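Tertiary structure, described
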Amino acid sequence: MSTDPHGHTVPLDLILGPHLAGAVIRRAANTLQHDDLLPEPVALRLACERATDGDPLILAAPGQIWELRADVDPDDAPARRLAVHLRLASPPRVYVSDPDDPAGDDAEIDELLLDVLHLYTLASWDVRFLVAPTAIG
């Protein structure tokens, strides 16, 4: 999730709209149900809770921009903002770049463990990427 200037969490439906946010949560619930052998109601509840908490394990996908949380020291993070280009599943990791890098399209792309995104909040999501699979691996 993103935060507004007052530090309040911005819900996923404000980033994507309610229809697409619902589709993302249903996709996450289906994955949890299949991968973790959970009953559908439990998987849906967990997907909703994790998405609301901004859990990168549920949310991280190509086309996103993640912004450094206000409570994180910038020296402890790879960049102030990260653009996600690709997500891989095993082990969970992402290919990212710094969207603020002056090199633009030639900016360096780094592979990071998905845990690094816990230092960030989801700020935006290019909906053109929602039709593509979110993980490879």
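Look up: the structure comes first, before these words.
Heads up: these notes are all about the structure in this document. Source: prediction; values computed, not measured. (Residues numbered from 1 in each chain as written. Predicted model: local features only at pLDDT ≥ 70, side-chain atom pairs only at ≥ 80, totals over all residues. Heavy atoms only, no water.)

1. A few points about the sheet that holds strand β7 (residues 120–125)
Put simply, the rule reads: Note: two strands are recorded as paired if DSSP finds a minimum of 2 bridges between them. What counts as a helix is a DSSP run of H or I of at least four residues, what counts as a strand is a run of E of at least two, and both are numbered from the N terminus. Each axis is a line fitted through C-alpha atoms, taken for helices only over the stretch in contact, and angles between the N-to-C directions span 0 to 180 degrees.
Strand order in the open sheet formed by five strands is β6-β5-β4-β3-β7, with antiparallel pairing between adjacent strands. For this open sheet the edge positions go to β6 (110–113) and β7, each flanked by a neighbour on one side alone. The sheet shows a mean angle of 40° between the axes of neighbouring strands, taken without regard to direction. In this structure, strand β3 (residues 64–68) lies alongside β7, joined through five bridges in antiparallel fashion. Opposite Leu 68, over in β7, you have Tyr 120 as the bridge partner.

2. Observations regarding the environment of Tyr 120
What counts is decided by this rule: Categorising residues by exposure relies on relative accessible area from a 1.4 Å probe, with only protein chains included: less than 20% of the type maximum marks a residue as buried, more than 50% marks it as exposed, and the intermediate range marks it as partly exposed. Every residue pair with non-hydrogen atoms within 4.5 Å of one another is taken to be in contact. A 3.5 Å cut-off defines polar contacts: any pair of N or O atoms within that distance qualifies, except that in protein one atom must be a possible hydrogen donor and the other a possible acceptor, and neighbouring residues in sequence count only when both atoms are side-chain atoms.
Checked against the element boundaries, Tyr 120 lands in strand β7. Residue classification places Tyr 120 among the buried positions, given a relative accessible area of 3%. Through-space distance from the C-alpha of Tyr 120 to that of Arg 69 is 5.0 Å; in sequence the pair is 51 residues apart. Aside from chain neighbours lying at most four places away, what touches Tyr 120 is Trp 66, Glu 67, Leu 68, Arg 69, Ala 77, Pro 78, Ala 79, Arg 80, Arg 81 and Leu 82. Separated by 2.6 Å, the side chain of Tyr 120 and the backbone oxygen of Ala 79 make a polar contact.

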